[in-house]
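# Architecture and fold: a report
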Amino acid sequence: MYNRKNNHLSVSILLLSVLLIGIIVYDEDIILKSLTQFQFSTPKSQKIQPHENPLPESNINEQQSSKLSATVGDDDDVEFPPESCDIFDGNWVYDDLTRPLYKEEECEFLTEQVTCMKNGRQESMYQKWRWQPKDCNLPKFRGKLFAEKLKNKRLMFVGDSLNRNQWESMVCMVQSVVSSGRKSLIRIGSFSIFRIEDYNVTVEFYWAPFLVESNSDNPKIHSILDRIIMPESINNHGLNWKNVDYLVFNTYIWWMNTRNMKVLKGSFDEGATDYDEVERPIAYARVLKTWAEWVDKNINPNHTMVFFNSMSPIHMNLDWNNPYDTNCGKETSPILNVSMPPDVGTDRRLSMIATDVIQSMQLPVHFINITTLSEYRKDAHTSVYTIRQGKLLTADQKANPNIYADCIHWCLPGVPDTWNEFLYTRIISHS
Ligand SMILES: *[C@@H]1O[C@H](CO)[C@@H](O)[C@H](O)[C@H]1NC(C)=O
Ligand SMILES: *[C@@H]1O[C@H](CO)[C@@H](O)[C@H](O)[C@H]1NC(C)=O
Ligand SMILES: *[C@@H]1O[C@H](CO)[C@@H](O)[C@H](O)[C@H]1NC(C)=O
Ligand SMILES: *[C@@H]1O[C@H](CO)[C@@H](O)[C@H](O)[C@H]1NC(C)=O
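Only a predicted model underlies this, so the values are computations on that prediction, with no experimental measurement involved. Residue positions are counted from 1 within each chain, in the order its sequence is given. For this description, chains carry letters from A and ligands carry numbers from 1, given in the order in which they are written. Only residues with pLDDT of 70 or above have their local features reported here, since the model is predicted, and side-chain atom pairs are shown and tallied only from 80 upward, although totals for entire chains, interfaces and linings are computed over all residues. As a rule here, side-chain values come from all non-hydrogen atoms in the structure, and water together with hydrogens is ignored.

### With respect to the side chain of Ser351
With respect to the helices and strands, the residue Ser351 is situated in helix H9 (residues 349–359). We call a residue buried when its accessible area falls under 20% of the maximum for its residue type, exposed when it is over 50%, and partly exposed in between, using a 1.4 Å probe and counting protein chains only. For Ser351, a relative accessible area of 16% puts it in the buried group. Numbered from the N terminus, helices here are DSSP runs of H or I no shorter than four residues, and strands are runs of E no shorter than two.

This is the structure we're talking about:
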């Protein structure tokens, strides 16, 4: 029985690989999809039930909901979770009273990559789950209060397309504080810059998928299968991060398509092309060391708050007990059993490295631990309701989620809004 299932799985993986190799790769999203073929071992330790289906009755009880409505309106009264509370430990609560934080159709800045409802998704339950820490509450998100806090300041996300996903979410969370015409979005070089005139606030994204220099640094053309990094070289990017008030870093997904990382011998500027193959955790540690030294040397903690996001998980090649349904493609509800983190193949060695490096730094870095809580959200990826090579998926592709689903990026509104609530909580409560 067990063997037969595994055979099915191997056959489907083989099929998948053949199909993927046949695809001409154009953009990062496709490359990310090619992840499916090789780097994740199929997790065996835990079976996750497909379509685990809680009836999403609102599980806010009356007492909680009257408490919620009591806080709506009195804008001065914001309660922060105590420092001692682990806001990343908790569970997802279905809450269609307070979620989503904005409406998909009301945020003009969302790109086609993430507007899942507009792209044909039938149910919007994924928008309505609220993260509830176990021992405290997150403060209600107030856009105006946040914009006041960010007045005359710059908030910048630095990293890969997951950080861009979070940046889009943040833009939507704050954009409603002013009417149209008083806000703008421009894309220039490695930057995407959203500006709110009335507050002199910018919410920016900077493309640097490895943080350090790499051959994948072009914000548009980075469909490179042989990714090569210069782990000790960061200044060219770092120049653009100086004097920013809030910096949010991440790097993970681009590490995941091969076991080893290619490390350039010499410099791109000098035309070097030779590289060494270095084991992923070793190369990752070298990169984070470079990043940490740059931050300690160039960032004034009196002026700038620095955040580092843990890995955004992927829901692919999973053993759902069904060889014909092996990824996030058809999932409509989160994993609600939080007694153990689900094993979806996340390389947790990398977050151990990150926490070690951060602890060794002079400058206090806020570690935003999004990994486990996002692992529960197999329902919330863009799946087949997204674009590929710049175009919406065709009906045929949509009918084939095992091959075409994007189980890396997230629909908006959705999970990245919660990541931003953590940032909001830390920024607002920081005096
Ligand atoms: C992140 O949070 C989860 C859930 O509380 C916890 O199990 C895990 O150890 C945390 N990871 C790190 C690196 O702190
Ligand atoms: C607007 O914000 C920038 C930093 O983001 C600051 O340098 C500039 O002085 C601000 N302008 C005004 C008029 O306050
Ligand atoms: C930060 O502020 C403290 C107290 O005002 C001051 O002693 C310290 O030198 C400042 N640090 C930097 C790097 O400017
Ligand atoms: C939750 O998951 C744990 C660990 O995988 C398992 O032992 C337990 O039986 C599950 N609980 C329910 C209610 O399914």
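### Side note on the confidence of the model for the protein
For every residue, the predictor assigns a confidence score, pLDDT, that lies between 0 and 100. On average, the protein scores 85 in pLDDT, and the residues at 70 or more come to 81%. Low pLDDT, under 50, characterises residues 29–75; the predicted model gives this stretch 125 contacts beyond four residues in sequence or across chains. Contacts are residue-level and defined by heavy atoms, with any inter-residue pair within 4.5 Å sufficient.

### Here's the deal with the packing of aromatic side chains
To pair, rings of Phe, Tyr and Trp, with the six-membered ring standing in for Trp, must have centres within 6.5 Å; the planes then decide the type, stacked if under 30 degrees apart, edge-to-face if over 60, and tilted in the middle. In the structure shown here, the tally under the stated rule is 20 aromatic pairs. With 4.9 Å between their ring centres and 70° between their planes, Phe109 and Phe194 make a pair best called edge-to-face. Here Phe109, found in the loop between strand E1 (90–94) and strand E2 (129–133), pairs with Phe194, found in strand E5 (residues 191–196); they are 85 residues apart in sequence, far enough to count as distant. In this structure an aromatic cluster arises from ring pairing among Trp167, Phe205, Trp207, Phe210, Trp254, Trp255 and Tyr284.

### Quick look at the state of the cysteines
The disulfide definition used here is simple: a pair of cysteine sulfur atoms within 2.5 Å. Per the stated rule, a full pass over the model turns up four disulfides. Across the disulfide, Cys85 is cross-linked to Cys136 (sulfur-sulfur distance 1.9 Å). What sets the handedness of the Cys85 and Cys136 disulfide is the S-S torsion sign, and at about -75° it is left-handed. A residue pair is termed long-range when its members are at least 10 positions apart, and Cys85 in the loop between helix H4 (62–71) and E1 and Cys136 in the loop between E2 and helix H5 (143–149) qualify at 51 residues. Judged by relative accessible area, Cys136 falls into the buried class, the value being 11%. Counting only the cysteines that form disulfides, in the order they appear in the protein, gives the pairing 1-4, 2-5, 3-8, 6-7.

### Remarks on the site of ligand 1
Nearness is defined per residue: one heavy atom within 4 Å of the molecule or strand is enough. Close to ligand 1 lie Asp86, Phe88, Asp89, Thr355, Phe367, Asn369 and Thr372. Within 3.5 Å is the distance limit for a polar contact, defined as a pair of N or O atoms, with the added protein rule that one can donate a hydrogen and the other accept it, and that residues adjacent in sequence qualify only through two side-chain atoms. Take Asn369: an N or O atom from its side chain is 2.3 Å from an oxygen atom of ligand 1. Relative to its free-state accessible area of 360 Å², ligand 1 is covered by the protein chains to the extent of 58%. Side-chain classes are defined by residue name, with Ala, Val, Leu, Ile, Met, Phe, Trp, Tyr, Cys and Pro counting as nonpolar, Asp, Glu, Lys and Arg as charged, and the others, Gly among them, as polar. The residue makeup of the shell around ligand 1, split by class, is two nonpolar, three polar and two charged. In these tables, accessible area is a Shrake-Rupley quantity obtained with a 1.4 Å probe, and a residue counts as shielded only by the protein chains included in the view.

### Points about the sheet that holds E5
Paired strands, as defined in this entry, are two strands with at least two bridges between them according to DSSP. Read across the sheet, seven strands follow the order E4-E5-E6-E3-E9-E12-E13 without closing on themselves; strand pairing throughout is mixed. Unpaired on one side and paired on the other, strand E4 (183–188) and strand E13 (365–368) mark the two borders of the sheet. Strand-to-strand twist across the sheet, computed as the mean angle between neighbouring axes with direction ignored, equals 15°. Sheet strands touched by helix H8 (residues 280–298): strand E9 (246–249), strand E12 (305–309) and E13. Its angle to E12, the strand with the most contacts, is close to 170°. Between the N-to-C directions of two axes lies an angle of 0 to 180 degrees, each axis being a line fitted to C-alpha atoms and, for a helix, fitted only over the stretch in contact.

### As for H9
In an α-helix, one turn spans 3.6 residues, which is why side chains three or four residues apart end up on the same side. All buried positions along H9 are accounted for by Leu350, Ser351, Ile353, Ala354, Val357 and Ile358. For H9, the buried positions fall inside an angular range of 155° around the axis, keeping them on one side. For H9, the exposed residues set more than 90 degrees away from the buried face come down to Met352, Asp356 and Gln359. Against the buried residues of H9 lie H8, E12 and E13. Regarding the arc, it is the one traced by the directions from the helix axis to the C-beta atoms.

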